[in-house]
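Structural characterization, general
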Amino acid sequence: MRLALFNVCGKISDELVLSFNSLPPDEYVKSQTPFRFRAFGTARIESDEILWQEDSTFLQSEDLNGYAGGIERRFGPLGKPVREFAEELVRDPGVRKLIGSDDFVIGCHQIRIVAGDGLVGLPAPEGFHRDGFDGIAVTVVAAENVSGGISLVREGDGEGDVLLDRVMAPGETLYLDDRRVVHYVSPITPKFPGATAHRDVVVVTFDLTRERESSA
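Within the largest apolar cluster, 29 residues are counted, with the highest numbers of intra-cluster contacts made by I106, V204 and F206. Elements with a minimum of two residues in this core: strand 2 (36-46), strand 3 (49-52), helix 2 (80-91), helix 3 (93-99), strand 6 (103-115), strand 7 (135-144) and strand 14 (197-207). With 5 residues, helix 2 is the single largest residue contributor to this core. Leave out the neighbours within four places in its chain, and F206 touches V90, V95, I99, F104, V105, I106, F133, D134, G135, I136, A137 and Y175. Grouped together as the second largest cluster of nonpolar side chains are 21 residues, I111, V146, M168 and I188 included.

Further remarks concern the environment of I188. Summarising the element assignment, I188 is placed in strand 13 (residues 188-190). Taking relative accessible area as the criterion, I188 reaches 0% and is therefore assigned buried. Linking I188 and L119, residues 69 residues apart in sequence, is a C-alpha distance of 9.2 Å. Aside from chain neighbours lying at most four places away, what touches I188 is I113, V114, A115, V120, G121, P123, V146, S147, G148, G149, H198 and R199.

Mapping R36 onto the fold places it in strand 2. At 2.7 Å, the side chain of R36 forms a polar contact with the side chain of D26.

Pairing is antiparallel across the open sheet formed by 7 strands, whose spatial order is 1-11-7-14-6-2-3. Strand pairing shows two members of the sheet lacking a second neighbour, strand 1 (3-7) and strand 3, which therefore form its edges. Across this sheet, the average inter-strand angle for adjacent strands is 20°, counted without regard to direction. Across 9 bridges, the pairing between strand 7 and strand 14 is antiparallel. Considered in strand 14, the bridge of A142 is made with D200.

Examined against the element boundaries, S19 turns out to sit in helix 1 (residues 14-19). Using a relative accessible area of 17% as the deciding quantity, one classes S19 as buried. When the C-alpha atoms of S19 and Q110 are compared, they prove to be 9.5 Å apart, with 91 residues separating the residues in sequence. If near-sequence neighbours (up to four positions away) are discounted, S19 is found in contact with P81 and Q110.

Although it is not a glycine, S47 sits at a positive phi angle of roughly 60°. Summarising the element assignment, S47 is placed in the loop between strand 2 and strand 3. For S47, a relative accessible area of 38% translates into the label partly exposed. In this model, N145 sits at a positive phi of 60°, which is unusual for a non-glycine residue. Within the element layout of this structure, N145 appears in the loop between strand 7 and strand 8 (146-148). By relative accessible area, which is 14% here, N145 ends up buried.

Time to look at the packing of aromatic side chains. Under the defined criterion, the tally for this structure stands at 3 aromatic pairs. Ring centres 5.7 Å apart and planes at 65° place the aromatic pair F104 and F206 in the edge-to-face group. Pair noted here: F104 is in strand 6 and F206 is in strand 14, with a separation of 102 residues, a long-range link. For the pair shown, F104 and F206 are each scored as buried. Residues F128 and Y184 carry aromatic rings whose centres are separated by 5.3 Å and whose planes lie at 35° to one another, so their mutual orientation is tilted. One end of the pair, F128, is in the loop between strand 6 and strand 7; the other, Y184, is in strand 12 (residues 181-185), with 56 residues separating them in the sequence.

What counts as what
Residues numbered from 1 in each chain as written. Predicted model: local features only at pLDDT ≥ 70, side-chain atom pairs only at ≥ 80, totals over all residues. Heavy atoms only, no water. Core = buried A, V, L, I, M, F, W, Y, C linked by side-chain atoms within 4.5 Å. Buried < 20%, exposed > 50% of the residue type's maximum accessible area, 1.4 Å probe, protein only. Helix = DSSP H or I, 4+ residues; strand = E, 2+ residues; numbered from the N terminus. Contact = heavy atoms within 4.5 Å. Polar contact = N/O pair within 3.5 Å; in protein donor to acceptor, adjacent residues only side chain to side chain. Pairing = 2+ DSSP bridges. Axes fitted to C-alpha atoms, helices over the stretch in contact; angles between N-to-C directions. Phe/Tyr/Trp six-rings, centres within 6.5 Å; stacked < 30°, edge-to-face > 60°.

Here it is, written out as structure tokens:
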């Protein structure tokens, strides 16, 4: 399966929604005014056991990410609400079926993109891309005063069919097979001038490498 779209409204708590207000700015964006705020964490999943790691380093190759690849990026740690959300998501039987494993590693990114008069928010400044994992689950938690923010998915390396062209609503999760598709989200601007806009997402990546290495 290349992609799946499902509803996770019941997994989104008020505490999770509010926690985006305290995210630190992403120091790696190429803008004088930050448009991205971010926290990050990783965990090992062994059946029902979830072991959060202390290291919050994130590294992608330049081939995967021409915008910020090749840089060892460090972000603020995840708070309790987003960890609880990620735990509930990865324990969901439907998600386990999509992943095809009970033993994997996740990366969890909590991200707010903001826009205002004269400031365009770029959810995917690198353009159409892969993240370099086996699977990705993108959940839109909230969107306020947003124009744009269209989620686009294309088959293959970006020359194939458009599989998704949609403004995701809060409470929706998009699961992607990162090995078979590329994805992008269009820039956001304020729907109503004079007021800021923000789009809040939780991105969970799934890495089955450790399972493959243990069975080799």
